[in-house]
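# Examination of the molecular architecture
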Amino acid sequence: MKEPINKITLKDGSVRYRLVVDIGRDEHGRRKQLTRTFDTRREAREELSRIRHETNLGTYVKSSKEAVDAYLDGYLQGATRGLRASTNRNYEDALRPVRERLGTRPLQSITKSDVEDLVDWMLTAGRRRGGSLEQGCPVGRHC
């Protein structure tokens, strides 16, 4: 099998390496390909190895700039379909802290540490009661 890395010479004479690799098929059965360009052949080979490994495991996720807010909009559309308005509102209310703290960030930039920080904030300073933010209320106490 031919290696999917091609040597490219740019107009300024510099050399780069272009990787074109299959990452699966779309919903219509057509091939999906990823194209990336690297400064060295070694970087291209390392990325090819990583992508193939993750694709074989079924864990590969194509990079995306979708924000947390946009993702949650799509999630809520499906999750609340056919439910009562009050249930929809409960879902929205439950996700409000996530939107406030992480909503504008790209979904793929969120780390475990970000989620842990959000949970810690929600359990302490982020508790809401009567529509106002309660500061310094101990966990489990209603101040």
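Everything below is about the structure shown above.
Structural notes, computed from the coordinates. As the structure is a prediction and not an experimental result, all values here were calculated from the model.

## Overview of the pairing of strand β2 (residues 15-25)
Examined bridge by bridge, strand β1 (residues 5-9) and β2 share 5 bridges and lie antiparallel to one another. Within the sheet, the bridge partner assigned to K7 lies in β2 and is Y17. Here β1 folds back onto β2, and the loop between the two strands holds 5 residues, one of which, G13, carries a positive phi near 95°. In this structure, β2 lies alongside strand β3 (residues 31-38), joined through 8 bridges in antiparallel fashion. In the sheet register, V21 faces β3, and the bridge partner there is L34. The turn joining β2 and β3, which pair antiparallel and follow one another in sequence, is formed by 5 residues; a positive phi near 85° is taken by G29.

## As for the packing of helix α3 (residues 85-102) against helix α4 (residues 112-123)
Running from N to C, α3 and α4 point in directions that differ by 125°, and their axes come no closer than 11 Å. Accordingly, the angle class assigned to the pair α3 and α4 is oblique. Remark: the crossing between α3 and α4 carries right-handed chirality. Note on element contacts: α4 touches α3 through D114, L118, W121 and M122, opposite P97, V98, E100, R101 and L102. Each residue belonging to the contact of α3 with α4 can be placed in one class, and the counts come to 6 nonpolar, no polar and 3 charged.

## Describing the packing of helix α2 (residues 68-79) against α3
As a packed pair, α2 and α3 sit with axes 10 Å apart at the nearest point and diverge in direction by 170°. By the angle between their axes, α2 is roughly antiparallel relative to α3. On α3, the residues touching V68, D69, L72, D73, Y75, L76 and A79 of α2 are Y91, E92, L95, V98, R99 and L102. Here the contact of α2 with α3 is composed, by residue class, of 9 nonpolar, no polar and 4 charged.

Rules used in this analysis
- Residues numbered from 1 in each chain as written.
- Predicted model: local features only at pLDDT ≥ 70, side-chain atom pairs only at ≥ 80, totals over all residues.
- Heavy atoms only, no water.
- Pairing = 2+ DSSP bridges.
- Helix = DSSP H or I, 4+ residues; strand = E, 2+ residues; numbered from the N terminus.
- Axes fitted to C-alpha atoms, helices over the stretch in contact; angles between N-to-C directions.
- Parallel < 35°, antiparallel > 145°, perpendicular 65-115°, else oblique.
- Left-handed = near helix turned anticlockwise from the far one by under 90°.
- Contact = heavy atoms within 4.5 Å.
- Nonpolar A, V, L, I, M, F, W, Y, C, P; charged D, E, K, R; others polar.

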